[in-house]
Structure formats: structure tokens, C-alpha cells
Amino acid sequence: MATAATTTAACRNFIGGKWVESKATQFFERRNPASTDEIVARIPLSTREEMRAAIAAAKAAFPAWHDTPAPDRGKLLFRTAQIMEGEIDSLARLLTREEGKALADSIVEAQRSVNILQFVAGEARRLNGESFPSEARKNFSYTIKMPLGVVGAITPWNFPLAIPVWKIAPALIAGNTCVLKPAEFTPLCAIRVAEILAEAGLPAGVLNVVFGAGEEVGDELVQHPDVRAISFTGSTEIGSQIYAAGARGMKKVQCEMGGKNPVVILADADLPVASASVATGAFGSTGQRCTATSRVIIEEKIADEFVKMLAERAGNFRIGNGLDANIEMGPSVDEGQMNTVLKYIEIGKQDGKLICGGHRLTGGAFDKGYFIAPAIFDHVPIQSRIAQEEIFGPVVSVIRVKHFEEALEAANFCRYGLSSSIYTNDPARMFEFIDRIETGITHVNASTIRSEAHLPFGGIKDTGVGAREIGHAGLDFYTELKAVYIDYTGRKRESSVQ
Ligand code: NAD
């Protein structure tokens, strides 16, 4: 597989259909977080001028791309999906090397990216508006969906393949051109996405990619007057700044941000199923998912048994370099993130009872990476910091409650509202939970982490603002509606309707 980055050369920006060497004077070296003696990429901290060049290229490419019939844009995305499907394994390995997650999780992410491309490609033939009966005689009223122009996509490192795809694909299918600013840690997946789109026949300038620091090239993308919309995924701290800056520029903005996802377990739940899927939700991908399970709210009469089962599973989680067969959990993404998690473990010890894990793993191959043993805290008060703040590590807090109402109240006692789940066999409780839980995604008897390629994805409260991503809602973000009135009376009307 040819990529525009090698282990030594710096990644190049993709501007106007060409891979261009950055004029950056500063570079960021990315190492494999499971094996830090391996350099995976050198990322240029590109200049604002380079971002402006990318925006100009996207602007220049817009008229022709807008004029391209939507079904032709769809064919291009189908070709993209086909190429990507043919290289799921190599893409997954690339992803694991730069981000660290277990290969099995990377394969799921690559497949999900293909699924999203296929769904969006099919939507090219359904970019229809509506027609309406008119108030006036001999008048035809209808709506059409218009692209916005140049849109900016700003993405995090934790889903370096799927998130760029789920922003770029609907943006392009709707007739927009795009500039992507990927996370600093994970340039290689973004490069491969752009290369595959180019191989599939994407015209020059329709997608551009600029690497660099968020506060420089990311900010330029957000502030630039020629950028009509920003789709951001990342932390709530940065998202709220981007939302405010976008509003000042009268841009459309969507921000998908942090999570602190609760699982409610009632006394009638199937505990082996619940404990196994809480373990996957909390420790899988090293807890570095926006949908990771981080709070278990459980009826106290079954809590001891549940915690025992969960601790047993945490103890046998297979941890190591995600490229090794059978590994279930890789490292934290970098040293800073690992230290953040370790800091939260210390904070947690003051509020709850540490049942297991929470220490850095050392010895042998562990010494080369940022590995932490999965941690479980029990008897955690709902208002404590580990129960309220996003940790982004393999840490789960168990909160004991007396009954369903208290569980629901505890689950909703949080600034975030992304995903949630309930384990019970009582249909009345299931529906009550679905009605009242304050999250954008909810599951019954399943982990908080699953989502599909054609359902809306995103959260409420401090997790999400603006339109949902993925599915039809995701596509709507990238279009404006135009209302059209066609008068075929052939004369001036006597009144507005006659
Ligand atoms: P982050 O907010 O630090 O960075 C995200 C992106 O924003 C990066 O590309 C970064 O360079 C850029 N950026 C930073 N400052 C900027 C600025 N001033 N202007 C413009 N761009 C700027 O987030 P992260 O650490 O990369 O990702 C982890 C976070 O993402 C977690 O909080 C996680 O919950 C969240 N996330 C949310 C979802 C969701 O759909 N809700 C999905 C995945 C990740």
C-alpha cells in the first residue's frame, strides 16, 4: 500500500489534488503508543497560509462539483467503498499502529467506514426535496436541497478513519467541497482516505487535507469567511469555542463532544451478559471512545455479585500491542493521556473503593508503551469527579442505588448525554428508561458502544450541538433547503392566489 507518508518523511498536505510538502518549520513526531521506539509519522505544523490555500482550492473546485449530477457523485463513493473494502486489513493495521487500539477494533472501524460510504453513496439518488400543493392557482411549489459550499471537518484521534469518513462522505455527496483537519496524533488514516478518494476519481480540490495544530490551522478553518460550515468532533472544551466562533461567522456548526455514558443494571438483569458487555464497553479501545461505558448504576442487592464478575473479567482482559493476535486492549494514545488517567485513579481513590487495576503495566513489552490495567471503582458517589468527568481511559465507576427511579436520576445527573444502556427483562422499565434517559443514543440489554451506519449518531446536553451525524440527519447538515415557486398563469395575478 503506497501512502504519502513514510516513517521518516513528513506527511504532506493534500491541496488542489496534489500532495504538497508543507512549509512548516515545526514538526510533531508520532510514535506507536504500544511500542514507542517506532516512529509512525512526522506531522508538519502547517501554516495558516497553507490552510488558506486549501480553502481556496476547495472554493475553486466547488462550482464543477456542484454541477456534477448527484448519482455520479454517488458512483464515486461506491468506488471508494469498494477500494476501502478491499484493504480493510491493511487499513486496520495502519490504524492500530498510529492510534493503538486492538486490531479487532480497528477492523470494526474500517468496516464501519465502508458501511457508511455505501449508505451515503446510495443516498445520492435520494437527494430529493418535496413538492407541495400551492395556495395559489396555477403555481408549482417545491423544495430543492442545495450544497453549502466549502465545509470544514475537524476530527479527533480516537476514530481516525471512521470519523473523517462520516463527515467527508455526506459533505461530498451533497455537492460540497471539503477541507479536513485531522487530529495531530493520527495523520496516516486521513492520508489513506484522501488517497482512496483520489484513486476512485475525486476531482482535484474537492477534498483537501491540512495537517497541523488545532489552534493554528484548525482555527483558520473555523474563522475563514469562505468556509460555510464546520463539522467538529472532539472535546467539549474545544467544541464550545468552535461553536461560538462559528456563530460569530454565521456558519452552520455541528459539534460532537465528550461523554460519560451510564449503564443501568436492574435486579432482574442477566448478570453474566451485563458484566461481559460492561467490560467491553468500559475497557475496549482502552476506554478511549466517546461512547465508552464509564458509569454502572446498579441496584444494590445484585451489586456485590456484579462487581465480582466484572473484576474477574477485568483481570483476564488481554492487554498489549494491538497488532498481536488476540489482544483485546491496547495502550493509552500517548503519555499525556495515560498520565491523565493515572491522575483520575488517584482522585478516585479518595471518593470510591478501587477494586482492581488502575496502575501502569510494566515489565517486558509493556515498558515500551502506555498501558494501564483496567480499573473498577465501587461505592462511587454520583457527584464525585470520577463519576462526572470524562476520563478517556479503562476506568469504570460503580454507583449503587436502591431502585429504578434512583438509577434513572443518577444516570441523568451528568452534563453529558451521548449513549446509555439498561439491563433488565422488564418491558415497562425498558420503555420508561428509553422515554426518560437524557442521551442521544440508548441501548437495551446491550453495550453503550454499538452504532450503525445509517442511524443518527450524537448526543445532547454538553455532548452535542447542531445536527446529528450519520444517517439522513447527517446528510441534512450538509444541505440548505431552497423553496421554489413557479407561476404558470402567464399573467400578473389579481391577488396573491388568484
Ligand atoms: P480535541 O478537542 O483535543 O481535538 C479535536 C480536534 O480539534 C483536533 O483535530 C484538534 O487539532 C482540533 N482543535 C484543537 N483546538 C482547536 C481550535 N482552537 N480550533 C480548531 N480546531 C482545534 O479532542 P481529541 O483529544 O482529539 O479527541 C477526544 C475527544 O473527542 C473526547 O472528548 C471524545 O469524547 C471526543 N469524541 C466525541 C465523539 C462524539 O461523536 N461525540 C466521537 C469521538 C470523540
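Treat the numbers as computed from the prediction; the structure is a model and nothing was measured. (Residues numbered from 1 in each chain as written. Predicted model: local features only at pLDDT ≥ 70, side-chain atom pairs only at ≥ 80, totals over all residues. Heavy atoms only, no water.)

### A few points about the overall build of the chain
Stated formally: In this text, helices come from DSSP runs of H or I with a minimum length of four residues, and strands from runs of E with a minimum of two, each type numbered from the N-terminal end. Restricting the calculation to C-alpha atoms gives the radius of gyration, and the globule rule supplies 2.2 Å times the number of residues raised to the power 0.38. Classification of residues uses two cut-offs on accessible area relative to the type maximum, computed with a 1.4 Å probe and protein chains only: under 20% is buried, over 50% is exposed, and between them is partly exposed. It only takes one pair of heavy atoms within 4.5 Å for two residues to be counted as in contact. Only the protein chains shown count as cover for residues, and all accessible areas are computed by the Shrake-Rupley method using a 1.4 Å probe. The charge count includes Lys and Arg as positive and Asp and Glu as negative, but it does not include His or the ends of the chains. In plain terms, the charge of a residue is placed at NZ if it is Lys, CZ if Arg, CG if Asp and CD if Glu.
Helix and strand counts for the chain stand at 15 helices and 22 strands. Against the 2.2 N^0.38 benchmark of 23 Å for 498 residues, the chain shows a C-alpha radius of gyration of 24 Å, consistent with a compact globule. Overall, the C-alpha framework of the chain stretches about 80 × 60 × 40 Å when taken along its three principal axes. For the chain, the proportion of its 498 residues judged to be buried stands at 58%. For the chain, long-range pairs separated by at least 24 residues make up 73% of all intrachain contacts whose partners lie at least 6 apart in sequence. By element, 52% of the accessible surface of the chain is carried by carbon and sulfur atoms, the whole surface being about 20000 Å². Computing the positive centroid from 53 side-chain charges and the negative centroid from 59, the chain places the two 5 Å apart.

### Let's talk about empty space enclosed by the protein
Counted only if it meets this: The pocket and cavity definitions rest on a 1 Å grid over protein atoms only: a 1.4 Å probe that fits but cannot leave marks a cavity, an open set with protein on both sides within 12 Å along at least five of seven lines marks a pocket, and residues lining either have an atom within 4 Å of a point. Grid points are joined across faces, edges and corners, and a volume is the space filled by probe spheres set on the points.
Per the counting criterion, the structure on display carries four cavities of 30 Å³ or more. One number sums up the size of the largest cavity: a volume of about 90 Å³. Lining the largest cavity are 14 residues, with Gly287, Ala292, Ser294, Ile391 and Phe392 sitting closest to its centre.

### Notes on the site of the ligand
Filter applied, for reference: Residue proximity to a molecule or strand is established when one non-hydrogen atom of the residue lies within 4 Å of it. Polar contact is defined as a pair of N or O atoms within 3.5 Å, subject to the rule that within protein one atom must be able to donate a hydrogen and the other to accept it, and that residues adjacent in sequence are counted only when both atoms are side-chain atoms. All domain edges in this entry derive from an automatic or database-based domain assignment.
Near the ligand lie 28 residues; those nearest to it are Thr155, Lys181, Ser235, Met257 and Glu390. One of the side-chain nitrogen or oxygen atoms of Trp157 is found 3.0 Å away from an oxygen atom of the ligand. Residue Glu390 places a side-chain N or O atom 2.6 Å away from an oxygen atom belonging to the ligand. For the ligand, whose free accessible area comes to 860 Å², the fraction covered by protein is 89%. The set of elements that each furnish at least two residues to the shell around the ligand consists of α7 (214-223), β10 (227-233) and α8 (236-248). With four residues, α7 is the largest single contributor of residues to the shell around the ligand. Two domains each provide a minimum of three residues to the shell around the ligand, namely domain 1 (2-257 + 463-482) and domain 2 (261-444).

### Concerning the nonpolar core
Note the threshold: We define the nonpolar core as a collection of buried residues of types Ala, Val, Leu, Ile, Met, Phe, Trp, Tyr and Cys that are connected through side-chain atoms lying within 4.5 Å of one another.
Of all hydrophobic cores here, the largest spans 64 residues; its most connected members are Leu77, Met84, Ile168, Leu172, Leu197, Leu202 and Leu207. In terms of residue count, helix α5 (residues 162-173) provides more of this core than any other element does, nine residues in total. Each of two domains, domain 1 (2-257 + 463-482) and domain 2 (261-444), supplies a minimum of three residues to this core. If we skip the residues at most four places from it in the chain, Met84 touches Leu91, Ser113, Val114, Leu117, Val165, Val193 and Ile196. Formed by 30 residues, the second largest nonpolar core is a distinct cluster that contains Ala269, Leu271, Phe306 and Val398.

### Topic: the domain arrangement of the chain
Rule in force here: Accessible-area loss on putting two parts together, using a 1.4 Å probe and summing over both, is the definition of buried area adopted here.
What the domain assignment lists for the chain is domain 1 (2-257 + 463-482) and domain 2 (261-444). Here the C-alpha centre of domain 2 lies 31 Å away from the C-alpha centre of domain 1. Each partner contributes residues to the interface: domain 1 has 24 residues there, and domain 2 has 28 residues. When domain 1 packs against domain 2, the two sides together hide about 2100 Å² of surface, and 56% of this comes from carbon and sulfur. When residues of domain 1 are sorted by the area they lose upon contact with domain 2, Ala34, Trp157 and Thr463 head the list and together hold 24% of the total.

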